[in-house]
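As a plain string of letters, each chain reads:
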Amino acid sequence: MNIHLSEQAIQWFEEEMEVATGDYVKFFARYGGSSPLHEGFSIGVTKEEPDELVVETIVNGVHYYVEERDVWFFDGHDLHIDVDTSTEELSFDYHVA
């Protein structure tokens, strides 16, 4: 599994979540909503230090990661993060790894 961020997504994190060099952004499975991979679960995003980092992409000194306990959610898929231009919110896409 890998994490891919578009330039627009990187800019979104810098502006909306005020991430800076040395920060950690976690992607995790949260109960509620839905995703193409799991009904009843969706992806959550938070800025916090990792406990059991297993997948990581570093861009501009910011660590974007998934922890061991959330790998199941991605079910063998890479995570692609972009910005939906109609809502100016993050969009998540999953591609078979």
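Up top is the structure these notes are about.
**Student:** What is the right way to look at the nonpolar core in this model?
**Tutor:** The nonpolar side chains of soluble globular proteins are, as a tendency, buried together. One finds Leu5, Phe13, Phe27, Tyr64, Phe74 and Ile81 to be the most contacted residues of the largest nonpolar core, which totals 24 residues. For this core, the element with the most residues is helix 1 (residues 7–16), which contributes four residues. Ignoring anything within four residues of it in the chain, the contact list for phenylalanine 13 reads Leu5, Glu18, Val19, Val25, Phe27, Val45, Tyr64, Ile81 and Leu90.

**Student:** Would you mind showing me how to read a negative patch on the surface here?
**Tutor:** Among the surface-exposed residues, Glu7, Glu14, Glu15, Glu16, Glu18, Glu88 and Glu89 lie close enough to one another that they form a single negatively charged patch. Take the negative patch: its biggest share by element is four residues, from helix 1. Considering the arrangement of structural elements, one finds glutamate 16 in helix 1.

**Student:** Would you mind going over the packing of aromatic side chains with me for this structure?
**Tutor:** For any pair of aromatic rings, the description rests on two quantities: the centre-to-centre distance and the angle between the ring planes. By the definition in use, this model includes 10 aromatic pairs. Summarising the aromatic geometry, the rings of phenylalanine 13 and phenylalanine 27 are spaced 6.1 Å apart at their centres and angled 85° between planes, so their arrangement reads as edge-to-face. Within this pair, whereas phenylalanine 13 is found in helix 1, its partner phenylalanine 27 is found in strand 2 (residues 24–34), the two being separated by 14 residues in sequence. For the pair shown, phenylalanine 13 and phenylalanine 27 are each scored as buried. Measuring from ring centre to ring centre gives 6.4 Å for phenylalanine 27 and tyrosine 64, while their planes differ by 20°; the resulting arrangement is stacked. One end of the pair, phenylalanine 27, is in strand 2; the other, tyrosine 64, is in strand 5 (residues 62–67), and 37 residues separate them in sequence. You can call phenylalanine 27 buried: its relative accessible area is 0%. Among the aromatic residues, those joined into a cluster by ring pairs are Trp12, Phe13, Phe27, Tyr64 and Phe92. In this structure, lysine 26 is placed above the aromatic ring of phenylalanine 28, and the distance from its NZ or CZ to the ring centre is 5.4 Å.

**Student:** Just to check I follow, could you spell out the pairing of strand 4 (residues 53–59) for this structure?
**Tutor:** Side-chain direction in a regular strand flips from residue to residue, so the side chains alternate between the two faces of the sheet. Bridge analysis of strand 4 against strand 5 gives six bridges, and the strand direction is antiparallel. Note that in strand 5 the partner of valine 59 across the bridge is valine 62. Connecting strand 4 to the next strand, strand 5, in antiparallel fashion are two residues, including asparagine 60 with a positive phi near 55°.

**Student:** It is not clear to me how the environment of threonine 57 should be interpreted in this structure. Could you clarify?
**Tutor:** Structurally, threonine 57 is set in strand 4. Beyond its immediate chain neighbours, meaning those up to four positions away, threonine 57 contacts Ile3, Leu5, Val62, His63 and Tyr64. At a separation of 2.9 Å, a polar atom in the side chain of threonine 57 contacts the main-chain carbonyl oxygen of isoleucine 3.

**Student:** Teacher, can you tell me more about the sheet that holds strand 6 (residues 77–84) here?
**Tutor:** Sheets are built from strands paired through backbone hydrogen bonds, the pairs being either parallel or antiparallel. Strand order in the open sheet formed by three strands is 1-6-7, and the pairing between neighbours is mixed. Each having just a single partner strand, strand 1 (3–5) and strand 7 (89–96) make up the two edges of the open sheet. Adjacent strand axes in the sheet meet at a mean angle of 25°, parallel and antiparallel pairs treated alike. Sheet topology places strand 6 next to strand 7; eight bridges connect them, and they run antiparallel. Pairing of aspartate 84 across the sheet is with glutamate 89, part of strand 7. In the packing of helix 1 onto the sheet, the strands contacted are strand 1, strand 6 and strand 7, and the crossing angle to strand 6 comes to about 70°.

About the thresholds
- Residue numbers run consecutively from 1 along every chain, following the written order of its sequence.
- Only residues with pLDDT of at least 70 get local features here, since the model is predicted, and only at 80 or more are side-chain atom pairs given and counted; chain-wide, interface and lining totals rely on the full set of residues.
- Only heavy atoms go into the side-chain values, all of them from the structure, while hydrogens and water stay out.
- Joining through side-chain atoms within 4.5 Å is the link that ties buried Ala, Val, Leu, Ile, Met, Phe, Trp, Tyr and Cys residues into a set, and such a set is a nonpolar core.
- Note on classification: 1.4 Å probe, protein chains only; a residue is buried when its accessible area is under 20% of the maximum for its type, exposed when over 50%, partly exposed between these limits.
- In DSSP terms, a helix is any run of H or I states spanning at least four residues, a strand is any run of E spanning at least two, and both are numbered starting from the N terminus.
- We call two residues in contact when some of their heavy atoms are within 4.5 Å.
- Only residues whose relative accessible area exceeds 30% and that take part in no salt bridge are eligible for patches, with like-charged residues grouped when within 9 Å of each other and nonpolar side chains (Val, Leu, Ile, Met, Phe, Trp, Tyr) grouped when within 5 Å.
- Using a 1.4 Å probe, the Shrake-Rupley method yields the accessible areas, and only the shown protein chains count as cover for residues.
- The salt bridge definition used is simple: a Lys or Arg side-chain nitrogen within 4 Å of an Asp or Glu carboxyl oxygen.
- None of His or the chain ends enter the tally, which takes Lys and Arg as positive and Asp and Glu as negative.
- By convention, charge coordinates are those of NZ in Lys, CZ in Arg, CG in Asp, or CD in Glu.
- Stacked, tilted and edge-to-face pairs are distinguished by plane angle, under 30 degrees for stacked and over 60 for edge-to-face with tilted covering the rest, among Phe, Tyr and Trp rings (Trp via its six-membered ring) whose centres lie within 6.5 Å.
- We count a charge as sitting over a ring when the NZ of a lysine or the CZ of an arginine lies within 6 Å of the ring centre and within 35 degrees of the ring normal.
- Two strands are said to pair when DSSP picks up at least two bridges between them.
- For the purposes of these results, a polar contact is taken to be a pair of N or O atoms within 3.5 Å, where, inside protein, one atom must be able to donate a hydrogen and its partner to accept one; residues adjacent in sequence count only when each atom of the pair is a side-chain atom.
- With axes taken as lines fitted to C-alpha atoms, and helix axes fitted only over the stretch in contact, angles between N-to-C directions fall between 0 and 180 degrees.

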